[in-house]
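# Per-entry structural report
Next come the chains, spelled out residue by residue.
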Amino acid sequence: MSHSHDDVYDRQIRLWGADAQASSSIMRIFKRMSNARVLYINLTGVTCEMMKNLVLAGVAAVVCDPRPYPDAVREVFFKASSMEAIIASRRNSSNNNGEEEQQSKKVKLLNTVAEAVAPEIDELNPLLIGRNSVEERPIALLPEEYFGQFDAVVASRLSVDEVKRISLALISVPRIAIDDKLSDPTKIEPYVSLAKMMEVPLAQATGRWDKIPPRILVLQRLLMDYWNESNKTTISNNDEANARERFVVFAKKWMDSNKITSASLDIEGVPMNLKRLAAIALHPEVSPTAAVLGGVLGNEVIKSLTRKGEPSNNVLMFSGLDGGCRSFVLCPAEN
Amino acid sequence: MTTESTATATSTPPILTGLQSALPSPLLSKILTSGILLIGSGGIGCELLKNLALSGFRHVEVVDLDTIDVSNLNRQFLFRARHVGMPKCKVASEAALAMVPPYSSPDGNNSNSNEAAYIPHHGNVLDNSKFNVPYLQQFALVLNALDNITARRRVNRLCLAAGIPLIEAGTAGYLGQVTVIHKSAGVECYECQVKATQKVYPICTIRSTPSMPVHCVVWGKELYKLCFGGKVEESMLFEDEESLRAEKEGAAEEADAEGKTDTEKSTDVSTNNMESAGEKSTYMDQVHNLRALMDIGNDVPQSKDEHHESNLRIAAKEALTALFATEINKQIGMNRYKTAEKVPVPISSQDLDTCTNVDGIPPTQRADYAPTEIWTPADCLVEMVSCFIHVSNASSPPLPEFDKDDEMAMRFVTAACNLRQYVFQIEPNQSLYDAKGIAGNIIPAIATTNAIVAGLQVLQAFHILKCQLEFGDNKEEVGAGIKKACRYTYCLREKTRKGYLLQPTQLPAPNPNCFVCRNAIISLALNTKEWTLEMLLARVIKKELGFGAPTVLVGGDIVYEEGDDIDPEEYAANLPKKLVDLPSGGVGHGAVFGVEDFSQDLEVEISVTHKDEWFITVEGDDGAKKEVKPDDREESEKFEIGGKKPVAAAPTKSAADGVSSEKDKTDSKDDDSIEVMDVEPVDKPSVTDGNSNNAADDADSDIEVIEVSTPRPAAASAANGSLSPSRVPLKKRRLDWDRDDQNVDEAKKSKTDEGVEVIEIE
């Protein structure tokens with residue numbers, strides 16, 4: 001711990017111990033945090049918030065997001081205003097069709113999201129400069145063992161198959177042994193693989209506190225399946241109305257085939273309008289909701305990195321409507 | 001449909017499309033036009049500003065008097081190293097404004113009123129000339145991102161008086177909470193529940209019978225004042241003949257209470273009387289000598305010759321010997337420790353000799369120094385001497401009061417604290433890092449939790465704006481809507497039984513006995529024949545009840561008044577009067593008098609009970625409370641509000657006993673529970689209270705800390721279908737969250753009954 005580290009991280013180091021005996025263990029926890037690296041695949045509002053929190057806390061970031069900037073991340077807060085300016089100028093350029101603007105548009109398009117945010121990340125916490133990096137290869141080209149070098153992987157906007165591949169890769173890679181008793185990996189029980197989770201028919205996702213499948217879980221599955229099928233991460237303005245119509249058609253069919261009644265989507269007894277849901281599905285991120293979820297997930301990553309506190313297992317849901325955030329295990333019924 | 005959506009799409013910045021699709025459309029316009037007042041731009045404040053900017057808010061004013069410190073950078077993410085020392089509100093407002101998406105209204109009218117403005121106010125919210133009821137009424141709502149109770153109470157009262165909704169939040173480490181306060185919603189206000197403020201330690205515990213490290217840290221801070229302060233008499237350790245005589249008498253009374261035989265007592269008293277005639281402090285002469293050598297309080301600066309440093313070392317050795325050996329021996333001689341578990345051991349003369357050893361290197365100057373190491377007695381002495389030399393050689397005088405961010409002050413207090421711990425055999429010893437945490441009253445803080453509560457606050461803001469939009473000027477309807485839509489949300493470290501990490505509950509009903517929002521009568525017990533109006537104003541009316549500019553009425557007549565346009569001389573004559581001697585019949589047993597404060601539109605009645613016998617109570621093994629000995633605290637500490645002792649003034653069991661209990665030790669080692677230590681001695685209210693908005697450091701909050709057991713592996717089963725809470729029920733539960741859903745009242749009751757601690761944070 002250098003002096004400047006001490007000063008910058010003082011308030012959070014105090015999270016892990018206040019007594020003299022804990023000094024050595026504080027150092028160890030601090031080491032774990034500062035040696036850790038987290039891989040972020042495809043940035044969204046939520047994962048940007050997570051990354052901001054973890055980078056501030058001293059956890060290095062590796063960003064893999066080859067999507068074009070800024071089109072792919074309209075809701076991401078990094079450089080929000082400059083991004084808006086780019087979009088605005090492009091809108092003008094498409095109207096004017098001026099050659100110069102065409103030129104600048106091409107230059108901008110060369111930027112990937114990862115490249116665009118890299119300087120922002122360094123600026124958030126200069127103590128991490130040199131430890132953050134950009135992964136330029138697309139996800140499909142990354143070998144299984146690649147994922148094993150990270151302490152956590154934060155992924156978003158992936159197809160179901162891609163997510164399954166990464167989650168499988170993470171449990172199959174042997175972890176590097178560290179000479180530190182506290183760092184022995186602790187298994188959180190029960191472990192349910194992502195593939196197994198996805199096997200649970202949604203209609204059966206009920207439990208002691210949930211007589212019908214939880215609304216947020218239903219929404220999440222619906223959106224995941226919709227994006228998977230439509231294979232689109234962004235919608236252009238002109239496409240908006242058509243896209244909404246397509247979503248409504250898809251949602252109706254999806255509910256039938258998953259045996260989900262519309263009651264599962266109701267908000268406190270008020271029926272959910274599928275057209276409104278379509279608008280949300282196409283523009284799903286709202287700043288304060290992303291902030292809350294990014295904070296909660298950041299805490300869970302810190303718990304697992306420091307091995308202080310038990311991180312959430314399996315599913316975590318947040319509803320911006322009432323501010324409740326719940327975690328539960330989703331696994332096939334034994335009988 | 002098609003045209004409409006295209007039209008909105010072109011005028012709505014992409015970053016707001018998510019909001020636009022999630023919220024009913026008039027609400028977005030409401031967001032774009034509403035004025036928001038944000039109090040505090042620290043940890044939570046930075047997160048709030050970002051959320052407000054990215055949600056499209058265009059009219060925000062920010063109040064904060066703080067400047068940026070290095071230790072803010074790990075979470076107050078709008079600040080960079082180059083901003084250290086600059087006003088927080090200014091830097092934060094500018095950074096947030098740059099995030100506001102450009103917006104042109106759909107009708108193409110891009111007038112100046114549409115220009116986004118984030119306005120910083122580098123000032124104190126306690127300043128009534130700037131931040132008052134009419135000022136607040138410009139805004140749709142107020143967001144609190146504060147770090148201290150005084151400012152929170154002030155904003156609470158202003159918002160109640162102005163009828164403006166307040167969204168209050170606090171964090172400590174992983175824990176946090178968010179709530180909404182609004183007069184016409186009929187919900188709990190910030191002051192409905194007693195907030196445990198700062199712990200107060202009886203002077204005798206600090207001066208003679210410390211039993212916990214924190215007592216020694218407080219003593220170290222007092223010693224700092226004694227050695228370096230502008231006014232030596234302001235230190236709790238200051239002694240003159242008068243104070244020594246009073247102490248003697250106190251000791252005699254104590255002996256009385258211990259039930260000595262009459263013969264013993266009379267012998268003791270007579271010896272004491274004999275001694276006290278020519279009694280001299282064991283250390284004050286040495287301290288004065290040392291101060292003079294360091295040029296503190298000298299009218300004419302000293303000339304320093306080549307012998308200065310060795311003279312200083314000798315003076316330092318004499319002072320430290322007096323403090324850590326002679327004084328201890330004297331106290332042992334006074335039978336102070338007859339009943340104590342451990343008799344104190346003075347620091348050895350061998351150790352004290354290191355003071356004059358020019359080769360001694362203080363621990364902080366060694367190559368392998370780490371702030372987490374523990375110093376030996378000799379280390380501590382060398383460190384203290386190096387502080388004296390440092391001050392003597394420095395071109396500017398030392399800070400008159402201890403400051404945790406002053407490097408010399410921190411070294412001095414750490415060394416003094418540990419020497420005292422060695423003398424009284426109090427463990428564990430404190431590293432500089434530990435001592436800083438205690439002395440600076442530092443609360444752990446991390447970016448994640450601030451992000452959570454700030455996000456929740458803005459979500460609550462959406463609910464409030466929606467109600468205002470829907471019900472307009474109908475205050476009752478707006479209030480009812482807020483009560484229905486908004487939530488009191490707890491942010492927890494471990495999941496509840498149902499798996500909640502963020503637990504929303506209905507906004508609690510107000511406490512019918514709240515004097516702030518329910519105008520309830522306050523009952524107050526004190527010695528009306530000893531208390532003066534001045535004591536009452538300082539200790540009770542201002543400190544406990546939070547009045548800023550009080551007017552006191554007895555029998556309908558004003559006996560005291562304060563305010564900008566009021567001549568302080570007018571009622572000055574009443575200040576030194578005993579309560580019973582005040583005009584218009586005085587305030588004696590059974591009297592009811594009024595206090596008003598126009599700056600916060602507050603009016604209360606106080607019903608007085610005369611009480612002149614006070615005892616310190618301890619809880620026996622059977623749980624019954626026993627009165628063990630007379631309360632020897634200052635007269636101004638002996639009072640009760642609302643029939644029971646306010647938490648702030650209650651000495652802890654072990655502090656009162658002067659004996660460390662096993663429980664204290666184990667508790668302090670449990671690093672899974674976040675410990676909050678408030679250690680400002682508050683026997684001199686004017687000192688600790690005056691700079692509260694400033695001095696509470698860069699903390700972010702206050703919080704209700706909920707004690708939850710340490711995590712254990714979950715053995716979740718899938719008994720009832722596919723979903724199961726992913727962890728087993730907590731073993732040691734203080735509060736059953738699940739009851740909140742069904743019965744708020746019951747949960748509230750269990751909250752108080754089962755002793756959920758309410759602790760002031762950062």
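Residues numbered from 1 in each chain as written. Chains lettered and ligands numbered in written order. Predicted model: local features only at pLDDT ≥ 70, side-chain atom pairs only at ≥ 80, totals over all residues. Heavy atoms only, no water.

As recorded in an unreviewed UniProt entry, chain B goes by the name SUMO-activating enzyme subunit, listed as coming from Cyclotella atomus.

In the nomenclature of an unreviewed UniProt entry, chain A is known as THIF-type NAD/FAD binding fold domain-containing protein of Cyclotella atomus.

## Brief notes about the overall build of chain B
How we decide: Here a strand is any run of E in DSSP of at least two residues, a helix any run of H or I of at least four, and the numbering for each starts at the N terminus. When accessible area is computed with a 1.4 Å probe and restricted to protein chains, residues below 20% of their type maximum are described as buried, those above 50% as exposed, and intermediate ones as partly exposed. Working definition of accessibility: Shrake-Rupley area with a 1.4 Å probe, residue cover restricted to the visible protein chains.
Along the backbone of chain B there are 26 helices and 17 strands. The buried share of chain B, reckoned over its 762 residues, is 57%. Put simply, chain B shows about 30,400 Å² of open surface, and 50% of that area lies on carbon and sulfur atoms.

## Topic: the environment of B:Val133
Residues and elements named next belong to chain B. Counted only if it meets this: By definition in these notes, contact holds between two residues if any of their heavy atoms fall within 4.5 Å.
Take Val133: it is sitting in helix α6 (residues 133-136). Residue class for Val133 comes out buried when judged on its relative accessible area of 15%. C-alpha of Val133 to C-alpha of Gln600: the two residues are 467 residues apart in sequence and 7.3 Å apart in space. Ignoring anything within four residues of it in the chain, the contact list for Val133 reads Leu158, Ala161, Ala162 and Ser599.

## Notes on helix α13 (residues 287-306) of chain A
Residue and element names in this part refer to chain A. Note the cut-off: Here a helix's expected span is defined as the number of its residues, less one, multiplied by 1.5 Å.
Under the 1.5 Å per step criterion, the end-to-end length of α13 is 28 Å for 20 residues, consistent within 8% with the ideal 28 Å. The buried fraction of α13 amounts to 17 of the 20 residues, a majority that puts the element mostly inside the structure. Of the residues trailing α13, Arg307 is marked for its positive phi of about 55°.

## Regarding the pattern of salt bridges
Put simply, the rule is: Salt bridges are identified by distance alone: a Lys or Arg side-chain nitrogen within 4 Å of an Asp or Glu carboxyl oxygen.
Counted according to the given criterion, the structure contains 28 salt bridges over all chains. Salt-bridge contacts for A:Lys52 lead to B:Glu47; the nearest nitrogen and oxygen are separated by 2.7 Å. Pair noted here: A:Lys52 is in helix α3 (residues 45-56) and B:Glu47 is in helix α4 (residues 43-54), and the two residues belong to different chains. Taken as a pair, A:Lys52 and B:Glu47 share a single burial class, namely buried. In this structure, B:Glu47 and B:Lys50 form a salt bridge, with 2.9 Å as the shortest nitrogen-oxygen distance. Separated by three residues within a single helix, B:Glu47 and B:Lys50 lie in helix α4, roughly one turn from each other.

## So, the side chain of B:Thr282
Residue and element names in this part refer to chain B. Our working rule: What qualifies as a polar contact is a pair of N or O atoms within 3.5 Å, subject to a donor-acceptor requirement within protein and to the restriction that residues adjacent in sequence count only when both atoms come from side chains.
Following the sequence through the fold, Thr282 ends up in the loop between α11 (262-277) and α12 (284-293). Under the relative-accessibility criterion, Thr282 is labelled buried at 15%. Of note is the side chain of Thr282, whose polar atom sits 2.4 Å from the side chain of Glu327. Those residues in contact with Thr282 that sit more than four places away from it in its chain are Glu239, Ala322, Thr326, Glu327 and Lys330.

## Overview of the environment of B:Val478
All names here are of chain B. Relative to the helices and strands, Val478 is located in helix α19 (residues 475-485). In this structure, the C-alpha to C-alpha distance between Val478 and His182, residues 296 residues apart in sequence, is 9.7 Å. Filtering out sequence-adjacent residues up to four positions away, Val478 remains in contact with Cys467, Gln468, Phe471 and Gly472.

## Structural notes on the confidence of the model for chain A
Rule in force here: Every residue is assigned a pLDDT by the predictor, reflecting its confidence on a scale from 0 to 100.
Mean pLDDT over chain A: 77, with 74% of residues reaching 70 or higher. Counting interchain partners and residues more than four positions distant, the pLDDT-below-50 stretch residues 97-110 of chain A has 10 contacts.

## Topic: the confidence of the model for chain B
Residue and element names in this part refer to chain B. On average, residues of chain B score 76 in pLDDT, and 74% of them are at 70 or above. Below pLDDT 50 for its whole length, residues 1-10 participates in six contacts with residues either more than four positions away or in separate chains. Overall, residues 724-762 carries pLDDT values under 50, and its contacts beyond four positions in sequence, including any with other chains, amount to 119 contacts.

## Topic: helix α20 (residues 533-544) of chain B
Of the residues making up α20(B), those classed as buried are B:Leu533, B:Leu536, B:Leu537, B:Arg539, B:Val540, B:Ile541, B:Lys543 and B:Glu544. Just downstream of α20(B) lies B:Gly546, where phi reads positive at about 70°.

## Examining the packing of helix α10 (residues 215-230) of chain A against helix α12 (residues 274-282) of chain A
All names here are of chain A. Just so we agree on the cut-off: Angular values range over 0 to 180 degrees, each being the angle between N-to-C directions of two axes fitted as lines to C-alpha atoms, with helices fitted over their stretch in contact. Oblique is the label for any angle not covered by the other classes, which are roughly parallel (under 35 degrees), roughly antiparallel (over 145) and roughly perpendicular (65 to 115). Two helices crossing with the near one rotated counterclockwise from the far one by less than a right angle form a left-handed crossing, whereas a clockwise rotation gives a right-handed crossing. Under the scheme applied, nonpolar residues are Ala, Val, Leu, Ile, Met, Phe, Trp, Tyr, Cys and Pro; charged residues are Asp, Glu, Lys and Arg; polar residues are all the others, including Gly.
Where α10 contacts α12, the axes come no closer than 11 Å and their chain directions differ by 65°. When the interaxial angle is binned, α10 and α12 end up roughly perpendicular. The interaxial crossing formed by α10 with α12 has right-handed handedness. The segment α10 lies against α12, with Leu219, Leu222, Leu223, Tyr226 and Trp227 engaging Leu277, Ala281 and Leu282. Class assignment for the residues of the contact of α10 with α12 results in eight nonpolar, no polar and no charged.

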